[in-house]
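A structural walkthrough
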Amino acid sequence: MRRIVVIGAGYAGVLATKKLEKKLRKKKLANETEITLIDKHPYHTMLTELHEVAACRVGEESVKMNLDQIFAGRKVNVVLDTVTKVDFAGNRVEGKNGQYEYDYLVVAAGSKPTYFGVEGAKEYSYTLWSYDDAVRLRDRIHNCFRMAADETDAAKRKELLSFYVVGAGFTGVEMVGELAEYTPILCKRFNIKQEEVTIVDVDGLSRPVPILPEKLSNKVDRRLKKMGVDVVMSTSVVGVGKNFIKLKKGEEITEHVAGTVIWTAGIESSDITSEIAKEVTSGGRGRLQVDENLRCVDHENVYVIGDNMLYTAPGEERPVPQMVENAEHSAATVAKNIVATITKSGELEAYNPKFHGVMVCVGGRYGVARGGMAKHQINFASFFAMFAKHFINIIYFIQVMGWTKVFSYLKHEFFTIRNRRSFLGGHFSNRTPSFMLVPLRLWLGAVWVYEGVMKIVEGWLEKPMLSGFFGGANTWFDTLLGRIDPAAVDAVASASTEAAGAADAVASASTAVSGAADAVVSTGTVIFDWNFKLFETILVSGVDLAESTVSDIAFKLQVPFVDWFVTNVVLASDGMQMFMQIVIVILQILIGLGLMGGCFTFLSAGVSLVLQAMFVTTTGLYLNTFWMIFAGIALLFGGGYTLGIDYYLMPFLKKKWQNVKWARKWYLYND
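On a predicted model such as this, the values are computed, not experimentally measured, just so you know.

1. Section: the overall build of the chain
A count of helices and strands for the chain gives 22 helices and 29 strands. Contacts in the chain between residues far apart in sequence, at least 24 positions, make up 66% of those at least 6 positions apart. Element-wise, carbon and sulfur atoms account for 58% of the exposed surface of the chain, whose accessible area totals about 31,600 Å².

2. Digging into the packing of helix α1 (residues 11-26) against helix α10 (residues 324-343)
Where α1 meets α10, the axes come as close as 8 Å, and the angle between the chain directions of the two elements is 35°. Seen along the crossing, α1 lies across α10 with a hand that is right-handed. Side by side, α1 and α10 meet where Tyr-11, Ala-12, Leu-15, Ala-16, Lys-19, Leu-20, Lys-23 and Leu-24 of the first sit next to Val-324, Ala-327, Glu-328, Ala-331, Ala-332, Ala-335, Lys-336, Ile-338, Val-339 and Ile-342 of the second. Taken together, the residues of the contact of α1 with α10 sort by class into 14 nonpolar, no polar and four charged.

3. Thoughts on the pattern of salt bridges
All told, the structure shown has 27 salt bridges when counted by the stated rule. Between Glu-101 and Arg-3 there is a salt bridge, with the nearest N and O atoms lying 2.6 Å from each other. One end of the pair, Glu-101, is in strand β8 (residues 99-101); the other, Arg-3, is in strand β1 (residues 2-7), with 98 residues separating them in the sequence. On the basis of relative accessible area, Arg-3 is assigned to the partly exposed category, the value being 24%. A salt bridge links Arg-3 to Asp-103; the nearest nitrogen and oxygen atoms lie 3.4 Å apart. Of this pair, Arg-3 sits in strand β1 while Asp-103 sits in the loop between β8 and β9 (104-107); the two residues are 100 residues apart in sequence, bridging distant segments of the chain.

4. What to know about the sheet that holds β8
The sheet built from three strands is open, its strands ordered β6-β7-β8 with antiparallel pairing. On the outer flanks of this sheet lie β6 (83-87) and β8, each paired with one strand and no other. The average angle at which neighbouring strand axes cross in this sheet is 20°, direction not considered. Alignment of strand β7 (residues 92-95) against β8, held across three bridges, turns out to be antiparallel. Counterpart to Val-93 in the pairing with β8 is Tyr-100.

5. So, unusual backbone geometry
Phi is positive for Leu-294, close to 70°, though the residue is something other than glycine. Topologically, Leu-294 is positioned in the loop between β20 (288-289) and β21 (302-304). We classify Leu-294 as buried; its relative accessible area is 0%. The phi dihedral of Lys-344 falls on the positive side, at around 55°, and the residue is not glycine.

6. Comments concerning the nonpolar core
Val-93 and Phe-145 are the most contacted members of the largest nonpolar core, which totals 116 residues. With ten residues, the top contributor of residues to this core is helix α7 (residues 170-190). When neighbours within four sequence positions are excluded, Phe-145 is seen to be in contact with Leu-161, Phe-163, Thr-183, Leu-186, Cys-187, Phe-190, Ile-192 and Val-197. Listed in part, the 22 residues of the second largest apolar core include Leu-444, Leu-539, Phe-626 and Ala-631.

7. A closer look at helix α5 (residues 131-150)
Note: α-helices contain 3.6 residues per turn, so residues at a spacing of three or four share the same orientation. Counted at 1.5 Å a residue, the expected span for α5 with its 20 residues is 28 Å, and the 30 Å between its end C-alpha atoms agrees. Listed as buried for α5 are Tyr-131, Asp-133, Ala-134, Val-135, Leu-137, Arg-138, Arg-140, Ile-141, Cys-144, Phe-145 and Ala-148.

8. Thoughts on the packing of aromatic side chains
Applying the stated criterion across every chain, the model contains 25 aromatic pairs. Joined through ring pairs, the aromatic side chains of Phe-383, Phe-384, Phe-387, Phe-391, Phe-414 and Phe-423 make up one cluster. A cation sits over an aromatic face here: Lys-64 above Tyr-131, 4.6 Å from the ring centre. Over the aromatic face of Trp-460 sits the side chain of Lys-455, whose NZ or CZ is 4.8 Å from the ring centroid.

Conventions used here
Residues numbered from 1 in each chain as written. Predicted model: local features only at pLDDT ≥ 70, side-chain atom pairs only at ≥ 80, totals over all residues. Heavy atoms only, no water. Helix = DSSP H or I, 4+ residues; strand = E, 2+ residues; numbered from the N terminus. Contact = heavy atoms within 4.5 Å. Areas by Shrake-Rupley, 256 points an atom, 1.4 Å probe, with all protein chains shown as cover. Axes fitted to C-alpha atoms, helices over the stretch in contact; angles between N-to-C directions. Left-handed = near helix turned anticlockwise from the far one by under 90°. Nonpolar A, V, L, I, M, F, W, Y, C, P; charged D, E, K, R; others polar. Salt bridge = Lys/Arg side-chain N within 4 Å of Asp/Glu carboxyl O. Buried < 20%, exposed > 50% of the residue type's maximum accessible area, 1.4 Å probe, protein only. Pairing = 2+ DSSP bridges. Core = buried A, V, L, I, M, F, W, Y, C linked by side-chain atoms within 4.5 Å. Expected span 1.5 Å × (residues − 1). Phe/Tyr/Trp six-rings, centres within 6.5 Å; stacked < 30°, edge-to-face > 60°. Lys NZ or Arg CZ within 6 Å of the ring centre and 35° of its normal.

Right, here's the structure in full:
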């Protein structure tokens, strides 16, 4: 039994573990290999999103992914422990709770804040490098405003409302941007004048986020100032106290009131990595030197990835950056190399990452980015930068936890966002109470039941009728479009009462209306007929446009494949027609009953939309029935949870479904 131990469940550790397990499973080696992932927390934290929690834009649960959910159905042994030492001679990892032997070790223990020896910084400042940090800082910010609202002492009030963010890199800018965006909301809630609040971002750098081009840095600077942030550059912090901060610019040292100091000025390797660095070749801040295959230069069976690795790629002057994309790339390389070593097949992969850019958010509505291909990158800002940020996050979530996390992310970032704190301005945030949909649900359900019952009355369960149903509607459209001679249609219509009865099938969502022979040959108007090769859109009126009402205007989406399917499959035989007629009648009644009872509302609304799409592409629809399409869309999510069976049924089924092994393994559920 080969043993692989991974230290750390950060970006690099989680991805490396997932990729290792998947590769070993494909190689049929899962039963011969034991993978152990060790972390002191039972969850994986989205470190790049912590500022959103700290400034209360999203809930704290949105930045966590439970490890048991990530590795559900996979042969990974998740161990909760704090690693204290690595015994390289004995190939053993030692923790507070136990010891873990390994044949291959992956060090991905991440980083922690560094204070550069600044007096009082560790004792009196708040950090933003863990889930606990974000929650603690969120509570601190909220309490400061709450206490300031009741504070009568002007000096104490000023202290409570003074916030300093130390650091103007990615974390610092994103934190101060979120805080500035949150401040007006808190001021309104606690009846505090916004000008009483002091927000300062200070750094020894010459400009914010210097890894960005100067043009983008200037955009960040202007945006922060517009939001009320005092951006202080080329200034170092030399001291932090309980209620003050000392700044040094040139030779001048000044002291300022600061009730809350948020430290984001830099990082160094975690405690365990720093301990390992004492025994192996390492560089500044505890990063471990690796070779081109990401193996520790002193131990071939020890791999180092993510923030812990010290490696300079070919042709580069600086070591690879401590950023998420490096964690993703290095995790993939190590997984491939360990499997290649175990199977003794193929050459080890040399690490030569191609980074695709960087981006920084300034609040939830604005960001800047430089991205593209490794050698060709462009600058973009505002909407496009924020879109890129969310898109990249979704790609990461797909790798880690699939559908369930993607759905959760969209919910937190767009569908429940408040105070318009989204780059979409909150337009997609659900605000309508679900009980307002109950009348719509009942009415739509009743219409579908009526449609189904009327089809039974008309004989849909007794004889084939689809030929007339489809043919009459097509004849009506073709006549108006000038594709067939109206005189010929008159002759056919007078000779065939069935065709005449079905000709106006377009008149409703699903029912052929009798007495349509006159409509076939009546004077009408073609409003537009646009052919896009793959499909054709047609909008016509059965009478002169000036005399038209909504019930006279019909729309059809003509798709060649659908026409072929109807002709060659649905209408191929009387037996197939009867089968389709019975299915349609049953579906309409079941949809109606489901909607009226609020039972499986998502499924009922979804099938309702499918039937509507079928009618639009076969017979067409009069515009006065289009409300059924929009009603189906409105009822898709949560429509049956108010005064409906789904209120009781869905939680029960969700609980059962989440315990299905393959559903958990493929993340086919949501929380």
